[in-house]
Amino acid sequence: MKIRKDFLPFSRPSIGETEINAVAACLKSGWITTGALCKAFEEQLCALTGAPRAVSLSSATAGMHLMLTALNVGPGDEVITPSMTFASTVNLIALRQAKPVFVDVDYGTLNMDCEAMEEKITERTKVMIPVHFAGAPADMDRVNRLARKYSLKVIEDAAHAVGTSYKGTHAGGFGHPAIFSFHPIKNITTGEGGMITLNSAAVEKKLRLTRFHGIERDAWKRYGKGGNPSYDIAEPGYKYNMPDLLAALGLAQMERWRELNARRRVLAGLYFDGLRGTEGLDLPEVPSYDHVHAWHLFVVKVTGMSRDLFMQKLADHNIGYGLHFPPAHKLSYVKKRFGVRAASLPQTNLAADRIISLPLFPDMTENDVHYVCGAIKEILKNA
Ligand SMILES: Cc1ncc(COP(=O)(O)O)c(C=O)c1O
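All values derive from a computational prediction rather than experimental measurement. (Residues numbered from 1 in each chain as written. Predicted model: local features only at pLDDT ≥ 70, side-chain atom pairs only at ≥ 80, totals over all residues.)

1. Thoughts on the overall build of the protein chain
Phase 1 of the analysis: Secondary structure assignment for the protein chain yields 14 helices and 14 strands.
Phase 2 of the analysis: By the compact-globule yardstick of 21 Å for 383 residues, the protein chain fits well, its C-alpha radius of gyration being 21 Å.
Phase 3 of the analysis: Viewed in the frame of its principal axes, the protein chain has a C-alpha envelope of about 70 × 55 × 40 Å.
Phase 4 of the analysis: Taken over 383 residues, the protein chain has a buried fraction of 46%.
Phase 5 of the analysis: Considering only intrachain contacts with a sequence separation of at least 6, the fraction spanning at least 24 residues in the protein chain is 74%. (Helix = DSSP H or I, 4+ residues; strand = E, 2+ residues; numbered from the N terminus. Rg over C-alpha atoms; globule rule 2.2 N^0.38 Å. Buried ≥ 20, exposed ≤ 12 C-beta atoms within 10 Å, placed from the backbone. Contact = placed C-beta atoms within 7 Å.)

Next comes the structure, spelled out in structure tokens:
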């Protein structure tokens, strides 16, 4: 086949005039750090998820740090999460001096295996962190049943889950804190950014304090007319607030989330049509329960040749790719510090050397998908 001249990236944010005008208006407004636009963006996430509260942040990673801190996760505590997740979650568990306990995933969906989860629970387990992998929801009925049975806290990792629903409830709408990411590859982006949706007023208060040095009042209230620029700090905090400049972009993206996700769904459908039955390739499976998939990622598994050689061949065809995720239990420091028995995660291990995320972003054309499908078939045929 003829190799395309231009590089097809794995992902690219969809930024139009709406976004550019919104950011320009914020720049012209005289107020660019945390303020009214962050508040409006938080309200939008509440409306989307059904959660009554939301706190905007500099990233989902910051959100995980603040949530683990708010829940007092510390030495002696165990936190259950899939190994097939982004390293940031595991880093923060380790940085809080707690122990990550990894649960296997289903090979087809790469979502957490909720049956395997119960075996991982001990008297030291404090929190479970299900991941809505690639935009497909975790089996929340099962998560909730275990949380109730063993009195565990749940933090939903909703980094992939703007537009993800489980049996009619949007991610973040189950009464647990849920952490969203607006990193540039995510379904909606603010460049970098994150948000925690939640129910508890007390936890919200803690999050608002710890996201901004521990200072009680927001900057925009301190610096507004007649505001008091003095402050006191009862407990030290971090600097994890989102600026209005990014919230402006987020609000403009929120206007488009349905359109953006609908486009992702169409492109995923074209991948299924184009790749179904290809020898040497396992296509992603979707959960059997009722759900709405946000199609954040399209992760295939290469069985017909080495995944690393496959990657190289995609690069030769000018096609980008991603890797979601190098399993956390194989990271050097995790192996050294927590030493996980590989046999306890058979599906994760099987998938780990096969997975590759194909280009998927709203501004991709149908011809782009056809090109990727053609290249994959050619590469595997010649393997
Ligand atoms: C599953 C998952 N969790 C958490 C994160 C962290 O998000 P952020 O980059 O906003 O900190 C990511 C981001 O890539 C992710 O994919």
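There is more to say after this.
2. Description of the site of the ligand
Phase 1 of the analysis: In the region of the ligand, 14 residues are neighbours, and Ser59, Ala60, Thr61, Ala159 and Ser181 sit closest.
Phase 2 of the analysis: Sorting the residues of the shell around the ligand by element identifies helix 3 (60-70) and helix 4 (87-95) as the ones contributing at least two each. (Near = placed C-beta within 6 Å.)

3. A few points about the environment of Lys126
Phase 1 of the analysis: Inspection of the secondary structure puts Lys126 in strand 4 (residues 125-128).
Phase 2 of the analysis: Judged by the 18 C-beta atoms lying within 10 Å of it, Lys126 falls in the partly exposed class.
Phase 3 of the analysis: Note: C-alpha distance between Lys126 and Ser151 (25 residues apart in sequence) is 8.3 Å.
Phase 4 of the analysis: The contacts of Lys126, once residues within four sequence positions are left out, are Leu71, Val73, Asp77, Glu78, Val79, Leu152 and Lys153.

4. Focus: the sheet that holds strand 11 (residues 281-282)
Phase 1 of the analysis: Here we have three strands laid out as an open sheet, ordered 11-13-14, and antiparallel in their pairing. Two strands close off the open sheet at either side, each with one partner strand: strand 11 and strand 14 (355-357).
Phase 2 of the analysis: For strand 11 and strand 13 (residues 299-302), the ladder comprises two bridges, and the chain directions are antiparallel. Bridging across to strand 13, Asp282 finds its partner in Lys301. (Pairing = 2+ DSSP bridges.)

5. Structural notes on the nonpolar core
Phase 1 of the analysis: By size, the foremost hydrophobic cluster in this structure holds 108 residues, and its most contacted members are Ile179, Phe180, Ile196, Ala248, Phe298 and Leu360.
Phase 2 of the analysis: The dominant element in this core, judged by the number of residues it contributes, is helix 9 (residues 244-254), at eight residues.
Phase 3 of the analysis: Formed jointly, this core draws a minimum of three residues from each of two domains, domain 1 (17-254) and domain 2 (257-381).
Phase 4 of the analysis: For Ile196, the contacting residues outside a window of four places in its chain are Ala54, Val55, Leu57, Gly63, Met67, Pro177, Ala178, Ile179 and Leu207. (Core = buried A, V, L, I, M, F, W, Y, C linked by C-beta atoms within 7 Å. Domains from an automatic or database assignment.)

6. So, the packing of helix 10 (residues 257-275) against helix 14 (residues 366-381)
Phase 1 of the analysis: Across the interface, helix 10 lies against helix 14 with an axial gap of 9 Å and an inter-helix angle of 30 degrees. In this view, helix 10 runs roughly parallel relative to helix 14, as classed from their interaxial angle. By crossing handedness, the relation of helix 10 to helix 14 is classed as right-handed. On helix 14, the residues that touch Leu267, Leu270, Tyr271, Gly274 and Leu275 of helix 10 are Glu366, Val369, His370, Cys373 and Ile376.
Phase 2 of the analysis: Tallied by class, residues from the contact of helix 10 with helix 14 come to seven nonpolar, two polar and one charged. (Axes fitted to C-alpha atoms, helices over the stretch in contact; angles between N-to-C directions. Parallel < 35°, antiparallel > 145°, perpendicular 65-115°, else oblique. Left-handed = near helix turned anticlockwise from the far one by under 90°. Nonpolar A, V, L, I, M, F, W, Y, C, P; charged D, E, K, R; others polar.)

7. A look at the sheet that holds strand 6 (residues 156-157)
Phase 1 of the analysis: One open sheet accounts for four strands, arranged 1-10-9-6; its pairing is mixed. The outermost strands of the open sheet, each flanked by one partner alone, are strand 1 (53-57) and strand 6.
Phase 2 of the analysis: As paired strands, strand 9 (residues 178-181) and strand 10 (residues 194-198) are joined by four bridges and run antiparallel to one another. Residue pairing in the sheet places Ile179 in a bridge with Ile196 of strand 10.
Phase 3 of the analysis: Lying over the sheet, helix 3 contacts strand 1, strand 9 and strand 10, oriented at roughly 160 degrees with respect to strand 9.

8. Some thoughts on unusual backbone geometry
Phase 1 of the analysis: The linkage connecting His324 with the following residue, Phe325, adopts the cis geometry, with an omega of 5 degrees.
Phase 2 of the analysis: Mapped onto the secondary structure, Phe325 falls in the loop between helix 11 (307-316) and helix 12 (332-338).
Phase 3 of the analysis: Of note in this structure, Ser151 is not a glycine but carries a positive phi near 50 degrees.
Phase 4 of the analysis: One can find Ser151 in the loop between helix 6 (140-150) and strand 5 (153-154).
Phase 5 of the analysis: Residue classification places Ser151 among the exposed positions, given that 8 C-beta atoms sit within 10 Å.

9. So, the confidence of the model for the protein chain
Low-pLDDT portions of the prediction should not be read for the details of their coordinates.
Phase 1 of the analysis: Predicted confidence across the protein chain gives a mean pLDDT of 96, with 98% of residues reaching 70 or more.
Phase 2 of the analysis: Ranking the elements of the protein chain by mean pLDDT puts helix 8 (residues 219-222) last with 61 and strand 9 first with 99. (pLDDT = per-residue confidence, 0-100.)

10. Regarding the packing of helix 1 (residues 17-29) against helix 9
Phase 1 of the analysis: Packing of helix 1 against helix 9 leaves a shortest axis separation of 8 Å and a crossing angle of 150 degrees. Of the possible angle classes, the one that applies to helix 1 and helix 9 is roughly antiparallel. Crossing hand, helix 1 versus helix 9: right-handed. When helix 1 is examined against helix 9, the residues Thr18, Glu19, Ala22, Val23, Ala25, Cys26 and Leu27 are found in contact with a partner set consisting of Asp244, Leu245, Ala248, Leu249, Leu251, Ala252 and Gln253.
Phase 2 of the analysis: Residues of the contact of helix 1 with helix 9, tallied by class, amount to ten nonpolar, two polar and two charged.

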